[in-house]
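# A closer look at the structure
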Amino acid sequence: MSGDRVVTRDESRVIQDRRGQWMLMAVMAAAMFLDGMDGTIVNVVLPEISEGFGIDAGVTSWVVTVYFLMMAGLILIFGKVADGGAIKRVFVGGMAVFAVSSLLCGLSTTLPMLLAFRAVQGVGAAMLAVSAFMLCVKFLPKSMAAFAMSVGILGMSIGAAMGPAIGGVLSEMMSWHLVFFINVPIGAFAILLAMRAVPKDGEFTAKGFDVKGAALLFVSMVCGLYVLESAPSHGFDEVSVVCLAVFVAGMAMFVLVERRAVDPVLKLRLFRLPRLLATIVTMVIINMCYMGCIYLIPYYLQVELGMDSISSGAYLLIPAVSTLAFCVWIGRLADRYGNRPFAVIACVVMLASMLVFAFIDPDAVWMLILGLVCMGVMWGIGGGPVSSRMLENVPDEDRPSSSSLNSFFIYFGCAAGTAMFAGLFGMGSGSSGQDIAGLTGEVFLEGFHFAMVFGVVLSVVALVLSWVVNERKASRGDGE
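Residues numbered from 1 in each chain as written. Predicted model: local features only at pLDDT ≥ 70, side-chain atom pairs only at ≥ 80, totals over all residues. Heavy atoms only, no water.

## Quick notes on the overall build of the protein chain
- If you tally the helices and strands in the protein chain, you get 17 helices and zero strands.
- For the protein chain, the proportion of its 480 residues judged to be buried stands at 58%.
- At a minimum sequence separation of 6, the contacts of the protein chain that also span at least 24 residues come to 85%.
- A total accessible area of about 18500 Å² is found for the protein chain, and carbon and sulfur atoms account for 69% of it. (Helix = DSSP H or I, 4+ residues; strand = E, 2+ residues; numbered from the N terminus. Buried < 20%, exposed > 50% of the residue type's maximum accessible area, 1.4 Å probe, protein only. Contact = heavy atoms within 4.5 Å. Areas by Shrake-Rupley, 256 points an atom, 1.4 Å probe, with all protein chains shown as cover.)

## Structural notes on the pattern of salt bridges
- For the structure shown, the criterion picks out one salt bridge.
- Across the pair Arg118 and Asp38 runs a salt bridge whose closest N-O atoms are separated by 3.1 Å. Of this pair, Arg118 sits in helix 5 (residues 111-139) while Asp38 is found in helix 1 (residues 18-41), placing the two residues 80 residues apart along the sequence. (Salt bridge = Lys/Arg side-chain N within 4 Å of Asp/Glu carboxyl O.)

## Some remarks on the packing of aromatic side chains
- Taken as a whole, this structure holds 15 aromatic pairs when the rule is applied.
- Here the aromatic cluster, defined as three or more aromatic residues joined through ring pairs, consists of Tyr300, Phe357, Phe425, Phe444 and Phe448.
- Taking the ring centre of Trp467 as reference, the NZ or CZ of Arg340 above it sits at 4.8 Å. (Phe/Tyr/Trp six-rings, centres within 6.5 Å; stacked < 30°, edge-to-face > 60°. Lys NZ or Arg CZ within 6 Å of the ring centre and 35° of its normal.)

## So, the packing of helix 14 (residues 340-358) against helix 17 (residues 441-468)
- At a minimum axis separation of 8 Å, helix 14 and helix 17 run at an interaxial angle of 165°. As far as their axial angle goes, helix 17 and helix 14 are roughly antiparallel. Taken as a pair, helix 14 and helix 17 cross one another with a handedness that is left-handed. The segment helix 14 lies against helix 17, with Arg340, Ala343, Val344, Cys347, Val348, Met350, Leu351, Met354, Leu355, Phe357 and Ala358 engaging Phe448, His449, Met452, Val453, Gly455, Val456, Ser459, Val460, Ala462, Leu463, Ser466 and Trp467. (Axes fitted to C-alpha atoms, helices over the stretch in contact; angles between N-to-C directions. Parallel < 35°, antiparallel > 145°, perpendicular 65-115°, else oblique. Left-handed = near helix turned anticlockwise from the far one by under 90°.)

## Thoughts on the nonpolar core
- Formed by 152 residues in total, the largest nonpolar core has its most connected members in Phe68, Phe91, Ile297, Phe357, Phe408, Phe448 and Met452.
- At 23 residues, the largest contribution of residues to this core is made by helix 4 (residues 62-106).
- Setting aside residues up to four positions removed in sequence, Ile297 forms contacts with Leu316, Phe357, Leu372, Met375 and Phe448. (Core = buried A, V, L, I, M, F, W, Y, C linked by side-chain atoms within 4.5 Å.)

## Focus: the packing of helix 11 (residues 274-304) against helix 15 (residues 365-392)
- One way to put it is that helix 11 packs onto helix 15 with a least axis distance of 10 Å and a crossing angle of 155°. With respect to helix 15, the axis of helix 11 lies roughly antiparallel. Both helix 11 and helix 15 take part in a crossing whose hand is left-handed.
- Across the contact of helix 11 with helix 15, the residue classes tally to 17 nonpolar, four polar and one charged. (Nonpolar A, V, L, I, M, F, W, Y, C, P; charged D, E, K, R; others polar.)

## Some points on the state of the cysteines
- Within the structure shown, the criterion is met by zero disulfides.
- Among the cysteines around Cys289, which has no disulfide bond, Cys293 carries the closest sulfur, lying 6.6 Å off. (Disulfide = S-S within 2.5 Å.)

## Focus: the environment of Arg389
- Residue position: Arg389 is located in helix 15.
- Classification of Arg389 by relative accessible area gives buried; the value is 3%.
- Along the chain, Arg389 and Leu276 lie 113 residues apart, while their C-alpha atoms are 8.2 Å from each other.

## Focus: the environment of Leu103
- For Leu103, the position within the fold is in helix 4.
- Residue Leu103 is classed as partly exposed on the basis of its relative accessible area of 36%.
- For the pair Leu103 and Ile182, spaced 79 residues apart in the sequence, the C-alpha separation amounts to 8.6 Å.
- Residue contacts for Leu103: discarding those within four places in its chain leaves Phe181 and Val184.

## A word on the confidence of the model for the protein chain
- Chain-level pLDDT for the protein chain is 81 on average; 86% of the residues reach the 70-or-more range.
- The lowest-confidence element of the protein chain is helix 3 (residues 57-60), averaging 70 in pLDDT; the highest-confidence one is helix 14, averaging 93.
- Counting contacts from residues 1-7, a segment whose pLDDT is below 50, to residues more than four positions away or on other chains yields 39 contacts.
- Counting contacts from residues 473-480, a segment whose pLDDT is below 50, to residues more than four positions away or on other chains yields 20 contacts. (pLDDT = per-residue confidence, 0-100.)

Laid out in structure tokens, this is it:
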């Protein structure tokens, strides 16, 4: 789910020899493979983590949420640093941080340890997300750009498809700790390859970045997501009230800082463009619903249906394979017919998926399969076109930073969706603070259905927004 970024380019540093070009693409593909695999491999072992630590689903959700939160909070900063002349340092450093933190995640013996190292892993993932595609944009001939992007997307898709199966086998045969250890040898290989394949950094020129705004946004996001996860199930306790107050105050200060910043981390004037705002909200909702389902479905498979990790991992292959079946050729059709039809179709399929899960019967396996297929088809059809719609509605003068903005909203949606669906599940099941492995099937299903009903509502909102925004680019500066 990483986005590319429009960056400055020094033609003298473009790699001309074929071997060097393939090595660079291999480096990028390895990074995207890790990105795709880590987005799916952890989810399949969340029930084991929850049972092992004796915690409820809401608390376990932070294993996923903190990862995406760090990515969303730091991706704009690292994008600026990489584009300023430190792309090799960002990529190699990110891969090293990712590999070492993966090792530490696997060695964790308590939940606080795991969450801390998952946060560090999210830092490394943010560094990789902004630099992987940038390698090809900066150092490969323009004639290879489309092919290189396809290689990266293929690497990410293969990683996402293999993640559930690998995670299920490792967890069932040995331990959930191994799903983190597998990142270490891949990361070490990518570092060695990158040291040879990636050209040396030039002079670092990034200046004037809005550090204060980035810090305020990050703190506000942390507090806001905590309230989003805890309030539905635990109510507004003292911690939630404090976090809500910090969120409101932080966002107010953030708006004041951004209005005065020379190079703001988020250009608030963009949110005054109705068409752009509609596409952003649509993209966030799609990621919220997708990741919310990916978070809860492993629990459904193992707690409600009594499957082992291998079987649940096999079922979680269904959406990944469904995505692969569509994403390869959907881009060409979108170029021919425009992005709007595919964004609308994706939202219709997402609505169908949410409806299936909202009324799913544990005895009807066909409903489970249909819902999983719809999830994958939704992302295969809509992932690219929905992101492209956002980019095409950004004013021309803001295009250089639009791709990093796109990545920010993708990962923010992932973090918010995981936190929100976990909170809604706890609220609907009344299981806050309870070990999810000890819930009865009836109680679990109540929480699962309750969360998915909210997914239905969100899907309707996304469908309406996709429908009302036509294919015409936003008028520059008039808000049309």
